[in-house]
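# Structural characterization, general
Each chain, letter by letter, is given below.
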Amino acid sequence: MNSALFFFSWLLSACLPASAAGTAVLEQLNPAAAAEELKAAARTGDGDAQLAAMYKLKAAGPEAAVPPLIEALKDPDWEVREVTAWALGHMEPFPASGVKKLIEAMGDKNKAFGLAAAEALADINPYDDLIKELASESAGARGRALYVIGKTHYHKEKDEQKILNLLKDKDEKVRENAIWALGELRMEKADPVPALLGLFSGAPYQLCARVTSALGKFPPERVNPEIFKLLSSPDNYLRRCAALYFTFTERAPAGAAQALTVALGDADPDVRGAAAITLAKLSPATPGIVAELARLLSDPDLRTRTDAAGALSRRGLPAAEAVPALEKALEDKDPSARAFAAGALAAIAPDTRGLAAELAAALKSPEANDRIFASWGLIKLGPAAVEYLPQLVTALEDEEVKVRDNAAYALGAIGPAARSAVPVLVRAQGRSSEIYGDDFRGLLASIGPAEKGALPELIAALDSKRSRMPYAALEALAIMGPEAGEAVPALIGKLAGDKHLARAAAGALANIGPAAVKPLQETLRRGEYPLSVEAAAALARLGSTGLPVLKTALEDTDDFVVMCAARALGSMGAEAATALQRLKGLEQHRSQYVRARAAEASEKIKAPLAQQPD
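Residues numbered from 1 in each chain as written. Predicted model: local features only at pLDDT ≥ 70, side-chain atom pairs only at ≥ 80, totals over all residues. Heavy atoms only, no water.

### Quick look at the overall build of the protein chain
Regarding its fold elements, the protein chain presents 38 helices and zero strands. With the C-alpha coordinates of the protein chain rotated into their principal frame, the extents come out at 85 × 65 × 50 Å. Burial analysis of the protein chain (614 residues in total) assigns 54% to the buried set. Here the contacts in the protein chain between residues at least 6 apart in sequence split such that 67% fall between residues at least 24 apart. (Helix = DSSP H or I, 4+ residues; strand = E, 2+ residues; numbered from the N terminus. Buried < 20%, exposed > 50% of the residue type's maximum accessible area, 1.4 Å probe, protein only. Contact = heavy atoms within 4.5 Å.)

Structure below.
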C-alpha cells in the first residue's frame, strides 16, 4: 500500500465522519469494494482501515451494504467473519431482507458461516423473526436461533413454552442449545427446573453434564432440594446425575458432603464413582474422605476404582494416607486401574519407585482415558520423566488432543533435556490444541532453544497451511535468538499479512539481534504498508542496536518511512532520548502527518524523562 492510500485511510478514520464534504465522497463509493476493504483490514488487523471501510459502508446505506457483508461472512478466515459480524451489527436501520438472509444462513451446511450469521443476529436482535425460526424445518436454524436468543438474554413471556418444548426436539444439537438457552434466560412464568430435571432420566453423560451446568444458573434454593431428593431415588442413573450436580455449583449446600459420603457406599458403581469425584472437588476437609476413597481402590467395579484414584489425584499431598492403597493398586490386574493409580501417586507421592515406567507404559493403552491420565501424571514427575522422552514425543501425535497437550506440558516440565522435541511440538500445534498464546510460549521457554539442526524444519513450518503451526514456529525461532540467523529472510516475509504473525515475526527478528538489522533497515526503506510499520517496530525492540537505523530513517525522502520511524521511536520511550533533536527538526516538515507523528513521538519520549530524578 503506497503512502497516499495510507494517508487517505487514516484521514477517513480520523476526520471524515465529522465532515459533510467527506460524507459526499463516501456516498459515491462502491459498497462491494468497501466490503472487500473491510475483509483485507480484518486480515491485517488494521483498526484504522476497518473503521474507514465501515464509514464507507454506512454512507452507502444498509440496503446496499448488507448483501456484500453477508457474503463476506462465508470467508474461511475467522477474523474476517468476526469483523464482518461486528460491521453488520452497526448497520442501522437493519433491512428486513438482510434479517431474512442471515436467518437463512444460520441453517447453512457451512457451520462457520452459520455461526457467524448467528453472532451478527445477536447484535441486531430481531427477536420476533428468531422466535419464528424455532419452528423451522432446519435443525441448524432452530439450534442457532436458540443460541442467539440465549445470548441476548431476552425473551417474551408468551414464548416461554415454545422454548421449553424444544427440550424434546428430535435433533440432539437443538436439545443441547435449548438446555443452554434456558440457563441463560430468566423465565418469569414458566418453570424450566422440572423439565431440566426430567432430562436426567436415561440421559448420556454429556447431556447430564449440560443439564447440571444449566441448573447451576438457577437459585440454589430452587434446585438443591430437588437434587437431594434425587440422591435417594430408586433410579441408579438419577442418583449418579444428582451426585455430579454439585461439581457445577460454586458452593456445596449444607448436608451435601454427608449425603455424598453415604453415596460412596451406593450399590451402583457409577453412583459411587460420581460421589467420589464430587467429594474430592467440594469437600477437601471432610473427615474420613481420604480413607473412604482409599477403600474404593479395591472395589470390585473397575469404574469405581479408577474414579476413586482420579478423585485422590485432585487432592494432592493431603491425601498421603492413601499412598499404601495406591501402591497396592499398582499391582491391579487391570491396566486402567494401574494407570489411574500411577497418576494419583504422581500427584501425591511422585518419588514412588517405578512410577514413570508405569505411566509411560499406559501411554500405549487403547483406552483414551488411560492415556490422558498417564500423560497428566508424567507432567507431575517433571525432570524425572526424561528417561521416557521418546514415549512422550510419540504421544504428541496421539489422536486425543488432551493426550497431545499433556505430553507437551510434560516435555515443558522436563526442561532443557527435551530440546530435541521442539520441532515435534511445533508440528503438534498444527493440529487442534488447547495450549494457546502465553501458555505455549511459557512451555517453550521452559525447554529452551531448539537444537540448531531443527532450524530448516522450523523455517519450513512458517509456510504451513495449518493456521497455528506458523505461530508455533515463530515462537520457537524467537527463543533460539541469534542461532536463528538463517531464518531472517523468511521472517521478513512474514511482516506482511496477518497482524499476529507479523508481530510474532518482528519479535523473533528482534531476538536474533544484529544479524537482522540490515534486512530490517532495507524493509523499512521500502515504504510499504504494513511491512515498513512492522520492520520499524522490530528495530525499536532491538533497543540501542536498532536506534541508529530509526534515527537515520527520520531523514528519508518517503514520508511514510519517516512516520514509521517516528512512531517506533516513540514506542521506545526514554531509550530514544538521543532522537529528540531530529524529531524537533521535523516540526517544519511539509507534511502535516509527519509533523503530527513526530510531535507524538517526542511527547512519548519526554514523558518518562520528566519523571526521572535530577
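### Some thoughts on the nonpolar core
With 208 residues, the main nonpolar core has L196, F200, L326, L411, L491, L520 and L550 as its most contacted residues. For L196, the residues in contact, after removing those within four places along its chain, are L167, I179, L182, V211, A214, L215 and F218. (Core = buried A, V, L, I, M, F, W, Y, C linked by side-chain atoms within 4.5 Å.)

### Some details on the environment of P482
Note on placement: P482 falls in the loop between helix 30 (469-480) and helix 31 (488-493). As a C-alpha pair, P482 and A508 span 26 residues in sequence and 9.5 Å in three-dimensional space. With near-sequence residues (within four places) excluded, P482 lies in contact with N511 and I512.

### Some details on the packing of helix 27 (residues 422-429) against helix 28 (residues 437-447)
A pair of packed helices is characterised by two quantities: the angle between their axes and the separation of those axes. Where helix 27 meets helix 28, the axes come as close as 11 Å, and the angle between the chain directions of the two elements is 170°. Relative to helix 28, the element helix 27 lies roughly antiparallel. Taken together, the residues of helix 28 that come into contact with helix 27 (itself represented by V422, L425 and Q429) are F440, L443, L444 and I447. Taken together, the residues of the contact of helix 27 with helix 28 sort by class into six nonpolar, one polar and no charged. (Axes fitted to C-alpha atoms, helices over the stretch in contact; angles between N-to-C directions. Parallel < 35°, antiparallel > 145°, perpendicular 65-115°, else oblique. Nonpolar A, V, L, I, M, F, W, Y, C, P; charged D, E, K, R; others polar.)

### Topic: the confidence of the model for the protein chain
Put simply, the protein chain has an average pLDDT of 86, and 92% of its residues get 70 or more. Within the model, pLDDT remains below 50 along residues 1-28, and this stretch shows 38 contacts once partners closer than five positions in the same chain are excluded. (pLDDT = per-residue confidence, 0-100.)

### Some remarks on helix 6 (residues 78-89)
With twelve residues, helix 6 should reach 16 Å at 1.5 Å per residue; the first-to-last C-alpha distance of 17 Å fits that figure. The element helix 6 is extensively covered by neighbouring structure, given that nine of its twelve residues are classed as buried. Turning to helix 6, its buried residues number three or more, namely E79, V80, R81, V83, T84, A85, A87, L88 and G89. (Expected span 1.5 Å × (residues − 1).)

### Some points on the packing of aromatic side chains
Overall, the coordinates contain five aromatic pairs when judged by the stated rule. Taking 4.4 Å as the distance between ring centres and 10° as the angle between the ring planes, the aromatic pair formed by F340 and F373 counts as stacked. Of this pair, F340 sits in helix 22 (residues 335-348) while F373 is found in helix 24 (residues 368-381), placing the two residues 33 residues apart along the sequence. In this pair, the class of F340 matches that of F373, namely buried. An aromatic cluster of at least three residues, connected via ring pairs, comprises F340, F373 and W376. (Phe/Tyr/Trp six-rings, centres within 6.5 Å; stacked < 30°, edge-to-face > 60°.)

### Brief notes about the side chain of R144
Residue position: R144 is located in helix 10 (residues 139-152). Buried charge without a partner: R144 forms no salt bridge, and the closest opposite charge is D108, 7.3 Å away. Excluding anything up to four places from it in sequence, R144 contacts M106, G107, D108, K111, G114, L115, A118 and N177. (Lys, Arg positive; Asp, Glu negative; His and termini not counted. Salt bridge = Lys/Arg side-chain N within 4 Å of Asp/Glu carboxyl O.)

### Here's the deal with the packing of helix 34 (residues 531-541) against helix 36 (residues 559-572)
At a minimum axis distance of 9 Å, the contact between helix 34 and helix 36 shows a crossing angle of 35°. In the packing of helix 34 onto helix 36, the handedness of the crossing is right-handed. When helix 34 is examined against helix 36, the residues S532, V533, A536, A537 and A540 are found in contact with a partner set consisting of F560, C564, A565, R567, A568, S571 and M572. Tallied by class, the residues present in the contact of helix 34 with helix 36 amount to nine nonpolar, two polar and one charged. (Left-handed = near helix turned anticlockwise from the far one by under 90°.)

### As for unusual backbone geometry
Here the bond from E92 into P93 is cis, since omega is -5°, no more than 30 degrees from zero. Mapped onto the fold, P93 is located in the loop between helix 6 and helix 7 (96-106). Note the cis peptide between Y529 and P530, where omega equals 5°. By the element assignment, P530 lies in the loop between helix 33 (517-524) and helix 34. Despite not being glycine, N125 shows a phi value in the positive range, around 55°. For N125, a relative accessible area of 28% puts it in the partly exposed group. Here H153, not a glycine, exhibits a phi torsion of approximately 55°, which is positive.

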